[in-house]
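Listed here are the chains, written in short residue letters.
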Amino acid sequence: MTEQGTERRLGWLGTGRMGSELVLRLLTAGCDVAVYNRTKAKAEPLAAAGAKIVDSAAELAAAADIVFVTVGTSQDLIDALTGPDGLLSGGAAPSIVVDCSTISAEASRQVRQQLDARGTTLLAAPVMGNPKVAAAGGLTLAVSGPRDAFDAARPYLGLLGAGATYVGEGELARIVKLCHNLFLGVVIQSLSEVTILAEKSGVSRQALLACLNDSVMGSAFTRYKTPALVNLDFHATFTAELLRKDFDLGLAAARERETPMPVASLVHQLVQGLVGHGYGQSDFAALLMLAAQSAGLELVSENAEVSDGLGPDDTNGANDAVR
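Computed from a prediction, not measured in an experiment: that's the story for all the values here.

## Points about the side chain of S101
Thinking step 1. Tracing the backbone shows S101 in the loop between β5 (96-99) and α5 (105-117).
Thinking step 2. Among the polar contacts made by the side chain of S101, one reaches the main-chain amide nitrogen of V71 at a distance of 2.9 Å.
Thinking step 3. In terms of polar contacts, S101 uses its side chain to reach the side chain of D99, at 2.8 Å.
Thinking step 4. Ignoring sequence-local partners within four residues, the contact set of S101 consists of V69, T70, V71, P126 and R174.

## Some thoughts on helix α9 (residues 205-214)
Thinking step 1. Within α9 the residues assigned to the buried category are R205, L208, L209 and N213. Burial along α9 is one-sided: seen end-on, the buried residues are contained in an arc of 130°. Turned more than 90 degrees off the buried face of α9, the exposed positions are C211 and D214.
Thinking step 2. Those residues of α9 that are buried are in contact with α8 (172-200), α10 (220-231) and α13 (287-294).

## Description of helix α4 (residues 74-82)
Thinking step 1. Taken residue by residue, α4 has S74, L77, I78, A80 and L81 as its buried positions.
Thinking step 2. Considering only its buried residues, α4 is in contact with β1 (10-13), α3 (57-63), β4 (66-69), β5, α5 and α8.

## So, the packing of α8 against α9
Thinking step 1. Viewed as axis vectors pointing N to C, α8 and α9 meet at an angle of 130°, and their least axial separation amounts to 9 Å. When the axis of α8 is compared with that of α9, the two are oblique. Relative to α9, the crossing made by α8 is right-handed. Contacts between α8 and α9 pair L191, V194, T195, A198 and E199 from the former with R205, L208, L209 and L212 from the latter.

## Here's the deal with the pattern of salt bridges
Thinking step 1. Going through the model one piece at a time under the given rule, you end up with twelve salt bridges.
Thinking step 2. Two residues, D151 and R147, come together in a salt bridge whose shortest N-O distance is 3.3 Å. Of this pair, D151 and R147 both sit in helix α7 (residues 147-157), four residues apart, roughly one helical turn.
Thinking step 3. Take R147: its relative accessible area is 38%, and that puts it in the partly exposed class.
Thinking step 4. Close ionic contact of E302 with R205 constitutes a salt bridge, the shortest N to O distance being 3.9 Å. Within this pair, whereas E302 is found in the segment after α13, its partner R205 is found in helix α9, the two being separated by 97 residues in sequence.
Thinking step 5. Judged by its relative accessible area of 24%, E302 is partly exposed.
Thinking step 6. Here the salt bridges share partners, and the residues they tie into one network are R147, D151 and R154.

## What about the confidence of the model for the protein chain?
Regions with low pLDDT should not have their predicted coordinates read in detail.
Thinking step 1. Scored by pLDDT, the protein chain comes out at a mean of 92, with 94% of its residues at no less than 70.
Thinking step 2. Below pLDDT 50 for its whole length, residues 1-5 participates in eight contacts with residues either more than four positions away or in separate chains.
Thinking step 3. Here residues 315-323 is a poorly scored stretch, pLDDT under 50, and it has 40 contacts once near neighbours within four places are set aside; other chains count.

## Structural notes on the packing of aromatic side chains
Thinking step 1. This model, assessed by the stated rule, comprises four aromatic pairs.
Thinking step 2. Taking 4.9 Å as the distance between ring centres and 10° as the angle between the ring planes, the aromatic pair formed by W12 and F68 counts as stacked. Of this pair, W12 sits in strand β1 while F68 is found in strand β4, placing the two residues 56 residues apart along the sequence. As far as burial versus exposure is concerned, W12 and F68 are alike and both buried.
Thinking step 3. Ring geometry for F150 against Y166: centres 5.1 Å apart, planes inclined by 35°, an arrangement best described as tilted. Placement of the pair is F150 in helix α7 and Y166 in strand β9 (residues 163-168), with a sequence separation of 16 residues.

## Concerning the environment of K42
Thinking step 1. Here K42 shows up in helix α2 (residues 40-43).
Thinking step 2. In this structure K42 touches T15, S20 and N37, once residues within four positions along its chain are discounted.

## Some thoughts on the environment of V267
Thinking step 1. Examined against the element boundaries, V267 turns out to sit in helix α12 (residues 262-279).
Thinking step 2. Among the residues examined, V267 registers a relative accessible area of 4% and is labelled buried.
Thinking step 3. A C-alpha to C-alpha distance of 27 Å links V267 and A124, two positions 143 residues apart in sequence.
Thinking step 4. Sequence-distant contacts of V267, defined by excluding residues within four places in its chain, comprise G185, V186, Q189 and F247.

Calculation criteria
- Residues numbered from 1 in each chain as written.
- Predicted model: local features only at pLDDT ≥ 70, side-chain atom pairs only at ≥ 80, totals over all residues.
- Heavy atoms only, no water.
- Helix = DSSP H or I, 4+ residues; strand = E, 2+ residues; numbered from the N terminus.
- Polar contact = N/O pair within 3.5 Å; in protein donor to acceptor, adjacent residues only side chain to side chain.
- Contact = heavy atoms within 4.5 Å.
- Buried < 20%, exposed > 50% of the residue type's maximum accessible area, 1.4 Å probe, protein only.
- Arc of directions from axis to C-beta.
- Axes fitted to C-alpha atoms, helices over the stretch in contact; angles between N-to-C directions.
- Parallel < 35°, antiparallel > 145°, perpendicular 65-115°, else oblique.
- Left-handed = near helix turned anticlockwise from the far one by under 90°.
- Salt bridge = Lys/Arg side-chain N within 4 Å of Asp/Glu carboxyl O.
- pLDDT = per-residue confidence, 0-100.
- Phe/Tyr/Trp six-rings, centres within 6.5 Å; stacked < 30°, edge-to-face > 60°.

Below, the structure is given as structure tokens:
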């Protein structure tokens, strides 16, 4: 339901783990949502929750006023929207496309121009959080594009998580997301290093992280990553390869703007090393393993029950964006 009480027809293109969680949030709020995914089987479970499954992206364009998109790469977005089988491949076009992916500003500008030619407005709205955070209602979004389009989409953006911040015109939201993920990588590398120093000194990972989480240095992010670091569980919430992609994009943006980023540049190479060591599809928190190897420390799981801060009884993280 919108603030004005006027319903818009919603569509969602791309129902991987993130897209599916966000569609469920809209459905739970009572919205009517049509969905399309290139691999239809990934979209079909949403039908049980009330989604309408369509057979093509072009059909989705005809079924919705506002279409949200979650895809993996810049080329995926270009193909999904403007390719031969994309959203605009038929005669219909939605009034607004809200792209929640992490892509380059250049690709976003290219898509924006092509959408404009069809009378469709693009909102760049990359999400900050992972599917588990989305399910807990902790996702946040940075949004850029025409302000009137943001105002039209804002009631639905607000249903996706903890908040959507309008950051300006054009592709500015892309820069905000890249800054977020550069910071993300720097923080996990620093957290990994101090955790290894403590363990090599005789302090358990669980004890160190409990202390940090209760201190002024604790955050939703450090709490969320604590179970992975304590128990060496690197099932991906965000893969090392995806983090490398975002560092590639972020450092390219910094170079374009003549902005030195010495710390992020070093972490970029460490993430590259993580991928080179075979952790490309593991969670980026596996940087802990490289830090341990460099220190000559062999890690074992502490098999401890520790909170990630996202449960209903936790008050220290469910409303913050983490990866």
